[in-house]
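Summary of the model geometry
Below are the chains, spelled out letter by letter.
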Amino acid sequence: MSQKPSIPRGTRDFSPREMLRRNYIFDVIRRNFSLFGYLPLETPAMENLSTLLGKYGEEGDRLLFRILNSGNFLADTPSSALSSADSAALSQLICEKGLRYDLTVPFARYVVQHRDEITFPFRRYQIQPVWRADKPQKGRYREFFQCDADVIGSDSLLNEFELVRIIDRIFSELNIRAIIKVNNRKILAGIAEMAGAGERITDITVAIDKLDKIGQEGVRQELVQRGIAPEVIARLEPVISLSGPAASKLDELKRVLSSSDRGRKGVSEMEELFGYLAMEPSQSEVELDLSLARGLNYYTGAIIEVKAADVAIGSICGGGRYDDLTGIFGLPGVSGVGVSFGADRIYDVMLQLDLFPEQTGSATEALVINFGTEEVPELIKIISSLREAGIASELYPDPARLKKQFSYADARKIPMVIIAGSNEIAARQVTVKNMKTGEQTTVSLSALPSYLKEGRNS
RNA sequence: GUGGUUGUAGCUCAGUUGGUUAGAGCGCCAGAUUGUGGAUCUGGAGGUCGCCGGUUCGAACCCGGUCUUCCACCCCA
């Protein structure tokens, strides 16, 4: 007896209907990346664990999918490790590869490995799946696609500016109302310094990152729980809860952070960025959010996060600047900045808001009815002429009853059906049926391609 | 990783305090219509009730485990 087939938890099949829609998203993203001069890159699904481990924090290491070594790897494994029941320690001995967790670290690895053949500043885009051993929920998958654009080897804030422009263009084209939140790790570090707890920056940022979720009082409790002194919290709060336009927040920060070199640097970076942004209006709301921290601990400068205004699904895009990601791989002093679009969440947002265009992507425009072996030679010529003219078309493969062939066209939503039986063929004509209106027209064989092309817009 | 939740036909869901042969709508297939889809009518197929085990004379229903779904925490696209 055959068992029911299934796929691993948190993974999905994508049906043709879903793929057409996903490709629509990928096309918009890829076109805009390309428009800004980014070049395509792909890296392997699996990386050496040494490349991956330690780059995403303790939590990230736990969420890495590890790949068991090939062969009889247990033969060389000490029996003490096997009997210790310590999975983490054992996996170090029997796994040397893992599935990639994001696209940024493999990119940094690539840059270091290929530094001699790269022209800097190097702009690359990369659209590939990543894997995380997370517990799945809605909008959270174990296999999902990221669409990354990064520029490496340039400190200029113009890069941050252009990334915001890309984000704005892409979400505008997809008709998603986006809220783009920007902050700067240097400002956060400055705030922590100013509050007299510079070394507690991680605890402080993790806590204040939850501001919009748990509120001011919640953040206060979280900070207390993380052992932040009450007087530090008291100095933190008024800064975090600054409101108003970016310019006035930055003015206030300049005063508060005057004693912190790093903080001042962060403020001037944001002033420059918002200066550029003022030169070209964005369709999306771009907000300086001082509570935005983001988890990935390799960020050092600007951090960016995008949320859909109309759907609660977490962030649909995120990124930031990392000053020394390549340093761990032996190439110090190369700064990079990038953003990552979450294609799967964008899909979920668009589905929920019903934003997909009626016709997404390629679909058959014309179906040629199969009348039988007598007519097939002529039908092959007809369909060949249609494809030559760039009209996506199919010949029904079996000489089935017309009812069945028309039902097929109906189910596939094919707009035109070409009927060419012996009568039509003898007269060098075909009958074209418009499946939407039910209207039938007789068209000469030679005029058929142009007739169908004209009908596209009606 | 911690705690909770969900699962019945292809889909959406009924199913009485545990009781004989598990239902509906939609969809699918066939016919009414041998060169015409959508509407209508008629008929039909399709289920080891997620899976494994237990309790019981008897389980879709109760219990345990497991897988899956979704939710909160954690974290994140």
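To be clear, the structure that these remarks concern was listed above.
Computed from a predicted model, the values in this text were never measured in an experiment.

1. Overview of the sheet that holds strand β15 (residues 429–434)
The five strands are arranged β13-β12-β14-β15-β16 in an open sheet whose pairing can be described as mixed. Edge strands, defined here as strands with exactly one partner in the open sheet, are β13 (393–395) and β16 (440–444). Going across the sheet, the axis of each strand differs from the next one's by a mean of 25°, ignoring polarity. Summarising the sheet, β15 and β16 pair through five bridges and their orientation is antiparallel. Residue Val 430 lies in a different strand from β16, and its bridge partner there is Val 443.

2. Structural notes on helix α9 (residues 201–208)
Regarding α9, the residues found buried are Ile 204, Thr 205, Ala 207 and Ile 208. Looking straight down α9, one finds its buried side chains confined to an arc of 160°; they lie on one side. Here the buried face of α9 lies against α8 (185–194), α10 (211–225) and α11 (230–240).

3. Notes on empty space enclosed by the protein
Evaluated as defined, the whole model comprises one cavity of 30 Å³ or more. If you add up the space inside the largest cavity, you get close to 90 Å³. As for the largest cavity, its lining consists of Ile 208, Leu 211, Gln 216, Val 219, Arg 220, Leu 223, Leu 236, Glu 237, Ile 240 and Ser 241. For the lining of the largest cavity, the leading source of residues is α10, giving five residues. Broken down by class, the residue content of the lining of the largest cavity amounts to six nonpolar, two polar and two charged.

4. Re the nonpolar core
Membership of the largest hydrophobic core comes to 103 residues, with the highest contact counts inside it found for Phe 33, Phe 171, Phe 341 and Ile 346. If you tally residues by element for this core, the top one is helix α7 (residues 157–173), at eight residues. Excluding its chain neighbours within four sequence positions, the residues that come into contact with Phe 171 are Ile 176, Ala 178, Val 306, Ile 316, Cys 317, Phe 341 and Ile 346. In terms of nonpolar packing, the next biggest core, distinct from the first, is built from 17 residues, Leu 386, Ile 418, Val 430 and Leu 448 among them.

5. Quick notes on the side chain of Glu 47
Looking at the secondary structure, you find Glu 47 in strand β2 (residues 46–48). Among residues more than four places away in sequence, those in contact with Glu 47 are Leu 52, Glu 96, Lys 97, Gly 98, Pro 106 and Arg 109.

6. Description of the packing of aromatic side chains
Applying the stated rule across the entire model yields 13 aromatic pairs. Ring geometry for Tyr 56 and Tyr 101: centres 4.2 Å apart, planes at 35°, overall tilted. One end of the pair, Tyr 56, is in the loop between α2 (49–52) and α3 (57–62); the other, Tyr 101, is in the loop between β4 (95–99) and α6 (104–113), and 45 residues separate them in sequence. Pair check on accessibility: Tyr 56 and Tyr 101 agree, each one buried. Here the aromatic residues Phe 33, Tyr 38, Tyr 125, Phe 171 and Phe 341 are joined through ring pairs into a cluster of three or more. The ring centre of Tyr 38 lies 5.3 Å from the NZ or CZ of Arg 123, which sits over that ring. Over the ring of Tyr 101 we find Arg 132; its NZ or CZ atom is 4.1 Å from the centre of that ring.

Thresholds applied
Residues numbered from 1 in each chain as written. Chains lettered and ligands numbered in written order. Predicted model: local features only at pLDDT ≥ 70, side-chain atom pairs only at ≥ 80, totals over all residues. Heavy atoms only, no water. Pairing = 2+ DSSP bridges. Helix = DSSP H or I, 4+ residues; strand = E, 2+ residues; numbered from the N terminus. Axes fitted to C-alpha atoms, helices over the stretch in contact; angles between N-to-C directions. Buried < 20%, exposed > 50% of the residue type's maximum accessible area, 1.4 Å probe, protein only. Arc of directions from axis to C-beta. Contact = heavy atoms within 4.5 Å. 1 Å grid on protein atoms, 1.4 Å probe; cavity = no way out; pocket = protein on both sides within 12 Å on 5 of 7 lines; lining within 4 Å. Points joined across faces, edges and corners; volume = space filled by probe spheres on them. Nonpolar A, V, L, I, M, F, W, Y, C, P; charged D, E, K, R; others polar. Core = buried A, V, L, I, M, F, W, Y, C linked by side-chain atoms within 4.5 Å. Phe/Tyr/Trp six-rings, centres within 6.5 Å; stacked < 30°, edge-to-face > 60°. Lys NZ or Arg CZ within 6 Å of the ring centre and 35° of its normal.

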